[in-house]
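Observations on the three-dimensional arrangement
Now for the letters of each chain:
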Amino acid sequence: MKQQETPLFTALREYATAKPLQFHIPGHKRGSGMDPEFRDFLGLNALSIDLINIPPLDDLHNPHGIIKQAEDLAAEAFLADHTFFSVQGTSTAIQAMIMSVVEPGEKLIVPRNIHRAVVTGLILSGARPVFLKPVIDERLGIAHGITPESVSAALDEHPDAKGVLVINPTYYGFATDLAKIVDIAHKKNVPVLVDEAHGIHIGFHEDLPLSAMQAGADLAATSVHKLGGSLVQSSVLNLKGNLVSPKRVKNIFSMLTTTSTSYILLASLDAARRFLATQGHKLIERTITLAENARVAINTLPGLYSPGDDLISKEVFSYDPTKLLIHVKDLGLTGHEVDNWLRKTYNIEVELSDLYNVLCVISIGDNEETVGSLVKACLDLSRESEAWIKVPDFPDQLPKTPELKLSPREAFYAEGETISLDKAIGRICKEVVMVYPPGIPILMPGEIVNRSCFNYIKNALAYNLPIQGPQDPSLETIKVVLSQP
Ligand SMILES: Cc1ncc(COP(=O)(O)O)c(C=O)c1O
């Protein structure tokens, strides 16, 4: 019954209904002092709970009232010992998670295909990353997770590592055997940190991969806003067990968090938790069915392929079927072309596109009609498409992981210069260089540019493969650490 309650949301509504004479910020005072068109568009209900941490409404930085009650209910629903609410997305939760377990110079085992929030976490913490190569899927041109075997080998080679960070599930919905990774790491008393940005819903249905907390991980940064029904930017950081101190996590998270915490976002977390805890299983079941039916239909269409169970192997442990990945390379089109075509022809917006795929998120907000429209568009795409361009093949050989000379933080703060890429071999890189496919950094700050990376980047440029990260997107120049005379 407790999960039916929304202590935070309910208290905000009561505060708004009582209409106290407000002499506190925000200065718009329930919308009276703001642009009328914006006020009317947003509506007075939302504006009446756009509040801040006045005494009756508790304080996210030291919760003891309604926020604490809401966090405790969330912890129960997410099977955590402690849940910390985030109004700064999963990005800040990831940075707090990393800073809670590693100090400058200490090692953190991380997959190579990390999100930029992890790179920032490495810079803020001063940690030295030990990179693990994720499983690469050459057909799809994407990176999956890391295997338990690779974690085990890395821990043997680096017994002084202070933590293992895992992305689970990946953006594309593929999961590793997280429980096994946790088991391996815990045998060595090493905490497991999970970037669970794409997994708020998975713990609520037995047909989905195990959530980080179900798998026994120590910390998990989870975007409730992505797939759990809360407002954009609201996330949670879950903690379990006693390898990481909740007091330390709370302090560090507070250091990184605004003092003007949005109560609309916090209330949306409280309500989303209730919705997931009380309705989640039923709604996710329906979502899985919708997505699986679409997958089956798409797989009958010439030129299109949507991976699922067929990908389960020694290296891909399980997957989230609600992530509908549509591989379009066999049509002779890039994912980006299909993305634009869907927008122009059908007013359909996909979650992402890359060279070979488009990714569609099917969520508890979908129904037969919305998914039916997508399948219909795929049918037309398959029928009508003529090969518009030649899609380049997946590059044969990924480059050797470069030697890490400085920690990302040392490289970030080191004096730098911008030089021609042609002169960069042997120099310490100051920026991230990411090439798609497979969307993993070829160079990270602190790494020495080697010939194999150089050749890979040159090849990517020649084939016009998308490159992200560097300040100069043409990569004629690159930022490196100034050489010592
Ligand atoms: C794998 C991964 N980690 C972390 C994040 C950051 O999450 P947020 O946008 O909630 O800050 C994202 C966002 O897309 C992501 O894809």
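In this text, all values refer to a predicted model and were calculated from it rather than measured experimentally.

Rules used in this analysis
- Residues numbered from 1 in each chain as written.
- Predicted model: local features only at pLDDT ≥ 70, side-chain atom pairs only at ≥ 80, totals over all residues.
- Heavy atoms only, no water.
- Helix = DSSP H or I, 4+ residues; strand = E, 2+ residues; numbered from the N terminus.
- Rg over C-alpha atoms; globule rule 2.2 N^0.38 Å.
- Buried < 20%, exposed > 50% of the residue type's maximum accessible area, 1.4 Å probe, protein only.
- Contact = heavy atoms within 4.5 Å.
- Lys, Arg positive; Asp, Glu negative; His and termini not counted.
- Charge placed at Lys NZ, Arg CZ, Asp CG, Glu CD.
- Near = heavy atom within 4 Å.
- Polar contact = N/O pair within 3.5 Å; in protein donor to acceptor, adjacent residues only side chain to side chain.
- Areas by Shrake-Rupley, 256 points an atom, 1.4 Å probe, with all protein chains shown as cover.
- Nonpolar A, V, L, I, M, F, W, Y, C, P; charged D, E, K, R; others polar.
- Core = buried A, V, L, I, M, F, W, Y, C linked by side-chain atoms within 4.5 Å.
- Domains from an automatic or database assignment.
- Phe/Tyr/Trp six-rings, centres within 6.5 Å; stacked < 30°, edge-to-face > 60°.
- Lys NZ or Arg CZ within 6 Å of the ring centre and 35° of its normal.
- Buried area = accessible area lost by both parts, 1.4 Å probe.

**A short note on the overall build of the protein**
Across its full length, the protein holds 15 helices and 19 strands. Rg of the C-alpha trace for the protein: 23 Å, near the compact-globule value of 23 Å for 485 residues, within the 12% margin. By its C-alpha atoms, the protein is 65 × 60 × 50 Å across when sized along the principal axes. Counting every position in the protein, which comprises 485 residues, the buried fraction comes to 57%. Counted over contacts in the protein with a minimum sequence separation of 6, partners at least 24 positions apart contribute 71%. Between the centroid of the 44 positive side chains of the protein and the centroid of its 57 negative side chains there is a distance of 4 Å.

**Topic: the site of the ligand**
Surrounding the ligand, one finds Gly89, Thr90, Ser91, Ile94, His115, Asp195, Ala197, His198, Ser223, His225, Lys226 and Ser235. At 2.7 Å from an oxygen atom of the ligand is found a side-chain nitrogen or oxygen belonging to His198. The contact in question runs from an oxygen atom of the ligand to an N or O atom on the side chain of Lys226, over 3.1 Å. Contact with the protein chains removes 83% of the 390 Å² of surface that the ligand exposes when unbound. Contributions of two or more residues to the shell around the ligand are made by α5 (89-101) and α9 (224-227). In terms of residue class, the shell around the ligand is made up of 2 nonpolar, 8 polar and 2 charged.

**Regarding the nonpolar core**
Here is a general trend for soluble globular proteins: nonpolar side chains tend to be buried in one another's company. Counting residues in hydrophobic clusters, the biggest one holds 37 residues, and the most contacted among them are Leu8, Leu12, Leu57, Phe78, Phe85, Tyr263 and Leu266. No other element matches the 10 residues that helix α11 (residues 263-298) contributes to this core. Structurally, this core is a two-domain feature, drawing no fewer than three residues from each of domain 1 (59-263) and domain 2 (279-384). Counting 31 residues, the second largest nonpolar core, distinct from the first, contains Ile98, Val110, Ile114 and Ile252.

**A closer look at the packing of aromatic side chains**
Taken as a whole, this structure holds 5 aromatic pairs when the rule is applied. Centroid distance Trp341 to Tyr346: 5.7 Å. Interplanar angle 55°. Geometry classified as tilted. Taking NZ or CZ as reference, Arg112 lies 4.5 Å from the ring centre of Phe131, over its face. Looking at Lys329, its charged tip hangs above the ring of Tyr356, at a distance of 5.2 Å from the centre.

**Some remarks on helix α6 (residues 116-125)**
Of all 10 residues making up α6, 7 are buried, and the element is well covered by its neighbours. All buried positions along α6 are accounted for by Ala117, Val118, Val119, Gly121, Leu122, Ile123 and Ser125. Turning to α6, the residues buried within the fold contact α5, β2 (107-111), β3 (128-132), β6 (163-167), β8 (192-196) and α14 (408-413). At the exit of α6 stands Gly126, carrying a positive phi of roughly 80°.

**Side note on α5**
Of all 13 residues that make up α5, 12 are buried, and the element is covered over most of its length. Turning to α5, its buried residues are Gly89, Thr90, Thr92, Ala93, Ile94, Gln95, Ala96, Met97, Ile98, Met99, Ser100 and Val101.

**Quick look at the domain arrangement of the protein**
Domains assigned within the protein are domain 1 (59-263), domain 2 (279-384) and domain 3 (408-481). Distance between the C-alpha centres of domain 1 and domain 3: 27 Å. Taken together, the 17 residues of domain 1 in the interface contact 14 residues of domain 3. Together, the buried faces of domain 1 and domain 3 total about 1200 Å²; carbon and sulfur atoms form 69% of this surface. Area buried by domain 1 at its contact with domain 3 is led by Arg112, Val119 and Ile123, which between them contribute 47% of it.

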